[in-house]
Amino acid sequence: MTEEEFLTFLSRPALSSQFYPMPGHQPDQPTHQARQARRGDSSMSQPTDTVETARLTLRAFRAEDVELLYQIQRDPAAMRYTYVALSRQDAAERLRAYAALAEQLGFAPWTVIQRATTRIIGWGGLNIDPFDPGWGVEVAYFFDPAYWGQGLATELVDASLQHGFARHDLGE
């Protein structure tokens, strides 16, 4: 698939229920579950794993998370180093695109919840950007600015890296 074909595919309106093929992706490439089954490894994480840190619960994205995450994503100050959502629908499509990668890769960014309040305060974790996959596996995140400066991003990144190296056979 060429880059142009890939971008055309991503611009289609019904993105949420489909896997987003990446340039170089082979259709017969095994999914996370197929690789796990072939190894006979039931200890590997499932895409829906929930991870808890000292102050955060990191769980799979859910459709009902969109509104609260959009409130962060539409704020240019909060998103100054990354993508600012143009609309609630835009935010929803992008969040679903990342979540859809869990089936193929075995990981995707989590919704970040403050344990003390059970409030959604951000989003992030391991991913391969479905809109710019050439960078490979990376950790991406965004937080509500009210929670900046508390070391929560560091806590998320640390948990993401530990999870990736211990549970997903990621190399260094």
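For the structure, check the block above.
Below: a short report on this structure.

What follows covers the packing of aromatic side chains. As enumerated under the stated definition, the model contains 4 aromatic pairs in all. Pairing Tyr-98 with Trp-123 gives two aromatic rings, centres 5.1 Å apart and planes at 80°, and the pair type is edge-to-face. Taken as a pair, Tyr-98 in helix H4 (residues 88-105) and Trp-123 in strand E4 (residues 119-127) lie far apart in primary sequence, 25 residues in all. Each member of the pair Tyr-98 and Trp-123 is classed as buried. An aromatic cluster is defined as three or more aromatic residues linked by ring pairs; in this entry it consists of Tyr-98, Trp-123, Phe-131 and Phe-142. The ring of Tyr-83 has Arg-94 lying over it, and the distance from NZ or CZ to the ring centre is 3.7 Å. Against the face of Phe-131 rests Arg-94, its NZ or CZ located 4.0 Å from the ring centre.

This paragraph deals with the sheet that holds strand E3 (residues 110-114). Spatially, the 5 strands line up as an open sheet ordered E1-E2-E3-E4-E5, and their pairing is antiparallel. A single partner strand is all that each edge strand has here, and the edge strands are strand E1 (51-52) and strand E5 (138-143). Relative to strand E2 (residues 56-60), E1 is paired through 2 bridges, and the arrangement is antiparallel. The residue bridging Glu-52 from the neighbouring strand is Thr-57, located in E2. Sheet strands touched by helix H3 (residues 66-73): E3, E4 and E5. Its angle to E4, the strand with the most contacts, is close to 80°.

A separate point is helix H5 (residues 152-167). With 16 residues, H5 should reach 22 Å at 1.5 Å per residue; the first-to-last C-alpha distance of 22 Å fits that figure. Three or more residues of H5 are buried, namely Leu-152, Glu-155, Leu-156, Ala-159, Ser-160, His-163 and Gly-164. Taken around the axis of H5, the buried residues stretch over an arc of 160°, which confines them to a single face. In this structure, H5 carries Thr-154 and Ala-166 as exposed residues pointing more than 90 degrees from its buried face. The inward-facing, buried residues of H5 abut E1, E2, E3, E4 and E5. Asp-169, located one to two residues past H5, shows a positive phi value of around 55°.

What follows concerns the pattern of salt bridges. This model, assessed by the stated rule, comprises 5 salt bridges. Of the charged contacts in the structure, one is a salt bridge between Glu-67 and Arg-88, with a shortest N-O distance of 2.8 Å. Placement of Glu-67 in helix H3 and of Arg-88 in helix H4 is noted, with a sequence separation of 21 residues between them. The shortest N-O distance in the salt bridge between Asp-144 and Arg-119 comes to 3.4 Å. With Asp-144 in the loop between E5 and H5 and Arg-119 in strand E4, this pair connects stretches of sequence that are 25 residues apart.

Once that is clear, we can look at the nonpolar core. Grouped together as the largest cluster of nonpolar side chains are 14 residues, with contacts concentrated most on Leu-69, Leu-95, Trp-123 and Phe-142. At the level of secondary structure, the elements contributing two or more residues to this core comprise H3, H4, E4 and E5. Beyond its immediate sequence surroundings of up to four residues, Phe-142 is in contact with Leu-69, Ile-72, Gln-73, Met-79, Leu-95, Ile-121, Gly-122 and Trp-123. Counting residues in each nonpolar core, the second largest holds 11 residues, with Val-51, Phe-143, Tyr-147 and Leu-156 among its members.

Rules used throughout
Residues numbered from 1 in each chain as written. Predicted model: local features only at pLDDT ≥ 70, side-chain atom pairs only at ≥ 80, totals over all residues. Heavy atoms only, no water. Phe/Tyr/Trp six-rings, centres within 6.5 Å; stacked < 30°, edge-to-face > 60°. Helix = DSSP H or I, 4+ residues; strand = E, 2+ residues; numbered from the N terminus. Buried < 20%, exposed > 50% of the residue type's maximum accessible area, 1.4 Å probe, protein only. Lys NZ or Arg CZ within 6 Å of the ring centre and 35° of its normal. Pairing = 2+ DSSP bridges. Contact = heavy atoms within 4.5 Å. Axes fitted to C-alpha atoms, helices over the stretch in contact; angles between N-to-C directions. Expected span 1.5 Å × (residues − 1). Arc of directions from axis to C-beta. Salt bridge = Lys/Arg side-chain N within 4 Å of Asp/Glu carboxyl O. Core = buried A, V, L, I, M, F, W, Y, C linked by side-chain atoms within 4.5 Å.

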